Amino acid sequence: MSKKVLVLGEIREGVIRNVSYEAIAAAKQIADGGEIVGVLLGDSVESLAPNLIAYGADRVVTVEHPHLKSYTSDGYSQAILAIYEQEKPEAIVFGHTSLGKDLSPKVSSRIQSGLISDVTEIEGSGDDVLFIRPIYSGKAFEKVKIKEGIVFVTVRPNNIPALEKDESRSGSVSSLTVDIQNLRTIIKEVVRKTSEGVDLSEAKVVVAGGRGVKSEEGFEPLTELANLLGGAVGASRGACDAGYCDYSLQIGQTGKVVTPDLYIAAGISGAIQHLAGMSNSKVIVAINKDPEANIFKVADYGIVGDLFEVIPLMIEEIKALKVGS
Ligand SMILES: Cc1cc2nc3c(=O)[nH]c(=O)nc-3n(C[C@H](O)[C@H](O)[C@H](O)COP(=O)(O)OP(=O)(O)OC[C@H]3O[C@@H](n4cnc5c(N)ncnc54)[C@H](O)[C@@H]3O)c2cc1C
């Protein structure tokens, strides 16, 4: 049976996050020919609606309210629940981002549905759809089928490819008025720790440093390499604990989970807790002085050497390639 699917378009710094386009691709598979309704929440978001349509949404519903300018679970859940009541969808898809992870349990409990979080792959479509998600910190995968009720899933960034952008697609954009009230939190100002660059959890390339980077300054060549590759800098907990970088960069069991196309691990031993956050990356390159380091067991390419010699060489080569092209 075809399904109507709601997809939350997540906005960051005035731009729709790529994971929302990936969520639309996931929604298409679940919808099996049904309608995809994009959702945009904020204080002024209507102008972004054509982007959701170009990436596959059939129409878009917005809720605009000053209290939705910054995310709060109270405000967003009121808006989403109002849209849910209006649209009565058979399925809902969010990105498995910090926002999606915070909001989805609240919404699913309110609508009394189950929730399949952190989906990395979808098999089949319609009523036969199967969701694949990592369990035991990525050591195994389970396939989940929903037998009854609403299909509510969050999709991990960088795993389900977005559809081709098609600017010729058209669809209606409507707004719903919701009186957002009784907020327990009012956001006065958002101060980002990492002020610029690519978002770590969605980056296609991650250059991560560990205790082997040895200092805050030691991260500079890693940052240069990440910038050259259009990627983001990450870190092991060892590097964060040592004060070389901020904890917002930590990757692993108690940090962020990333699945970039390319993960470069420099001066990271490869503890099991670190692997839990990156071992599903598509290509892993490890640079370590110790040939016995555990990180080499998950690496596709291993370089035994001093990262302070290897990374500058990589930077030089990439710059030369860029000049040549
Ligand atoms: C409950 C719990 C949760 C945890 N969660 C996380 C988590 O989310 N993420 C995480 O990362 N860890 C986590 N840890 C910590 C984890 O167990 C490791 O202690 C940590 O990952 C080690 O960080 P590291 O690899 O940077 O440091 P180390 O293990 O000290 O490794 C440093 C590596 O750098 C190499 N090296 C040194 N100098 C150079 C050089 N010049 N060039 C190249 N290589 C060099 C060394 O050979 C070594 O392999 C957790 C631990 C616990 C108990």
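Residues numbered from 1 in each chain as written. Predicted model: local features only at pLDDT ≥ 70, side-chain atom pairs only at ≥ 80, totals over all residues. Heavy atoms only, no water.

For the protein chain, an unreviewed UniProt entry supplies the name Electron transfer flavoprotein subunit alpha and the organism Ureibacillus massiliensis 4400831 = CIP 108448 = CCUG 49529. The UniProt entry for the protein chain carries this comment under Sequence similarities (unreviewed entry): "Belongs to the ETF alpha-subunit/FixB family." (UniProt positions renumbered as here; feature names shortened; annotations may be inferred.)

Read across the open sheet, the three strands follow the order β8-β9-β10; overall the sheet is antiparallel. Either end of the sheet is taken by a strand with one partner, and the two such strands are β8 (121-123) and β10 (140-144). Each strand axis lies, on average, 30° off the axis of its neighbour in the sheet, ignoring direction. As judged from the five bridges shared by strand β9 (residues 130-135) and β10, these two strands associate in the antiparallel manner. Pairing of R133 across the sheet is with E142, part of β10. (Pairing = 2+ DSSP bridges. Helix = DSSP H or I, 4+ residues; strand = E, 2+ residues; numbered from the N terminus. Axes fitted to C-alpha atoms, helices over the stretch in contact; angles between N-to-C directions.)

Within the open sheet, the seven strands sit side by side as β7-β11-β6-β1-β4-β5-β12. Their pairing is parallel. Of all the strands in the sheet, just β7 (116-119) and β12 (173-175) have a single pairing partner and so form its edges. Pairs of neighbouring strands in the sheet enclose a mean axial angle of 25°, with direction left out of account. The sheet contact formed by strand β6 (residues 91-95) and strand β11 (residues 151-155) spans five bridges and is parallel. Of the residues in β11, the one forming a bridge with A91 is V151. Contacts between helix α3 (residues 73-87) and the sheet are confined to β1 (5-9), β4 (36-42), β5 (59-64) and β6, with β4 contributing the most and set at about 150° to the helix. Along the sheet, helix α4 (residues 98-110) makes contact with β1, β6 and β11, crossing β11 at roughly 170°. (Contact = heavy atoms within 4.5 Å.)

Our focus in this paragraph is the state of the cysteines. One pass over the structure, following the stated rule, counts zero disulfides. C240 takes part in no disulfide bond, and the closest cysteine sulfur to it belongs to C245, at a distance of 3.8 Å. A residue is classified by how much of its surface remains accessible, and C240, at 2% relative accessible area, is buried. For C245, a relative accessible area of 15% corresponds to the buried category. (Disulfide = S-S within 2.5 Å. Buried < 20%, exposed > 50% of the residue type's maximum accessible area, 1.4 Å probe, protein only.)

It is worth spelling out the pattern of salt bridges at this point. On inspection of all chains with the given rule, the structure shows 20 salt bridges. A salt bridge links K88 to E85; the shortest N-O distance between them is 2.8 Å. Residue classification places E85 among the partly exposed positions, given a relative accessible area of 48%. Taking the shortest distance from any N to any O, the salt bridge between K143 and E123 comes out at 3.3 Å. Note that K143 is positioned in strand β10 and E123 in strand β8, a separation of 20 residues in sequence. Several salt bridges converge on common partners, so that one network encompasses E10, R12, R17, D199 and E202. (Salt bridge = Lys/Arg side-chain N within 4 Å of Asp/Glu carboxyl O.)

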